Amino acid sequence: MKTIRRLIYGEVLTAIALVALGFLALFFFFDLVDELQYLGKNNGLSAAADIYQIRHALLYVALLIPNHLYELLPISVLIGTIFVMARLAQSSEYTILRTSGLGPWRALRLLLVLGSFFVTLSFAVGDYVAPASERAAQLFKARYQSKITVGQTGAWLKEKQPYNSYVVNVKELTPDNQMQGVQIFEFDNKGMIVSTTQAPVAQFTGGDAWMLKQATRAEFDVPASPADISKPQNGAKVSRATLQTFRWPTEISAEMVSVALLKPDRMGTIDLFNYVRHLNANGQSAQRYEIEFWKKVFYPLSCLVMVMLALPFAYLHFRSGGIASYVFAGVMIGISFFLLNNVFGYIGNLRNWQPWLAAATPGLMYMAVSLGAFGWLVLRR
């Protein structure tokens with residue numbers, strides 16, 4: 001059995017590696033072609049060192065490779081495994097393996113163990129390597145092109161504290177992890193505005209706080225009741241002050257700002273989980289981020305679904321040619337899974353489905369199909 005395991009694992013790992021390298025090379029080329037339009041441009045500075053050059057484009061595109069690997073790994077697992085299973089069936093090697101004691105359930109168990117390795121690899125890449133490289137890529141490109149921002153007004157966040165609530169606006173995030181164009185609106189428990197603070201630059205500091213520089217702060221002294229407002233001596237008062245530095249205690253971390261400014265599917269599972277908790281604690285809609293969180297949880301498990309889909313191809317008996325058509329079928333199945341996974345995410349967000357159900361449904365559907373095809377071929381053959 002050890003010999004059979006070594007044979008199958010070696011063939012499948014080699015095929016998956018070649019397919020993944022081919023896909024990554026193709027996406028690397030596409031990304032590089034897309035970056036050529038930015039060559040020779042900078043962020044408005046006249047220094048020659050700030051000009052976006054080909055070496056910068058190559059480094060930026062290289063930093064995108066882990067994210068592409070995370071997205072393409074299940075499809076690569078499917079195509080590589082289908083190719084090996086179909087080739088073994090074509091050469092009758094799989095028939096010999098079956099007569100040597102490789103039963104259907106033992107073969108399924110072998111491939112599931114191999115799929116578990118890719119589940120672990122996918123989780124490690126998608127949760128640690130890809131988010132770090134994506135963030136580094138965006139910050140690196142922002143050094144030569146523009147700041148990281150969302151829309152015209154940037155990112156909006158909300159936080160409830162023991163006595164007051166805050167609405168925060170961050171327009172841009174600079175390459176050195178500084179926030180620009182920061183506005184903080186403070187409200188009391190009755191929804192009345194208490195103060196506003198604006199600063200051109202702010203930094204994340206230790207101890208759960210932001211340090212705002214050159215902050216302009218306005219505090220509003222509003223009477224407690226509408227009857228007091230009518231009295232001239234009790235009118236609303238506004239006091240303004242300009243502070244060199246202003247420390248604002250908050251639990252909004254750099255990761256939360258990154259989630260708001262970057263795409264949520266580029267963030268790690270823990271960062272998304274913390275951000276969902278933050279949104280729920282502050283009474284904000286977290287449906288989109290909950291779906292992305294559960295997709296992050298279930299997406300690595302799709303590697304198990306892919307090897308289960310590939311195993312029935314070993315029970316198809318054919319003698320001449322035909323492998324290319326089966327590999328093409330594997331490509332179509334992988335693309336359909338990828339598209340269906342995204343479509344269910346959008347539909348779940350629009351129809352307000354349970355987040356875990358929207359994220360898990362594509363994998364469950366394809367698992368049912370693979371088990372059905374496997375059972376039918378085993379019983380029939």
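One can find the structure itself at the top, above this paragraph.
Residues numbered from 1 in each chain as written. Predicted model: local features only at pLDDT ≥ 70, side-chain atom pairs only at ≥ 80, totals over all residues. Heavy atoms only, no water.

A. Representation of the environment of G283 within the structure. Mapping G283 onto the fold places it in the loop between α8 (269-281) and α9 (287-298). Judged by its relative accessible area of 62%, G283 is exposed. Placed 123 residues apart in sequence, G283 and K160 show a C-alpha to C-alpha distance of 9.0 Å. (Helix = DSSP H or I, 4+ residues; strand = E, 2+ residues; numbered from the N terminus. Buried < 20%, exposed > 50% of the residue type's maximum accessible area, 1.4 Å probe, protein only.)

B. Summary view of the packing of helix α3 (residues 65-90) against helix α11 (residues 323-351). The contact between α3 and α11 brings their axes to 9 Å, and the two run at 155 degrees. For the element pair α3 / α11, the angle class is roughly antiparallel. As α3 runs across α11, the sense of the crossing is right-handed. On the side of α3, the interface is formed by E71, I75, L78, I79, I82, F83, A86, R87 and Q90, while α11 contributes I323, Y326, V327, G330, V331, I333, G334, I335 and F338. In the contact of α3 with α11, the residues fall into 13 nonpolar, three polar and two charged. (Axes fitted to C-alpha atoms, helices over the stretch in contact; angles between N-to-C directions. Parallel < 35°, antiparallel > 145°, perpendicular 65-115°, else oblique. Left-handed = near helix turned anticlockwise from the far one by under 90°. Contact = heavy atoms within 4.5 Å. Nonpolar A, V, L, I, M, F, W, Y, C, P; charged D, E, K, R; others polar.)

C. Just helix α2 (residues 54-63), in detail. Taken residue by residue, α2 has H56, A57, Y60 and V61 as its buried positions. End-on, the buried residues of α2 take up no more than an arc of 130 degrees, which puts them together on one face. As for α2, its buried residues are in contact with α1 (2-35), α3 and α5 (104-142). (Arc of directions from axis to C-beta.)

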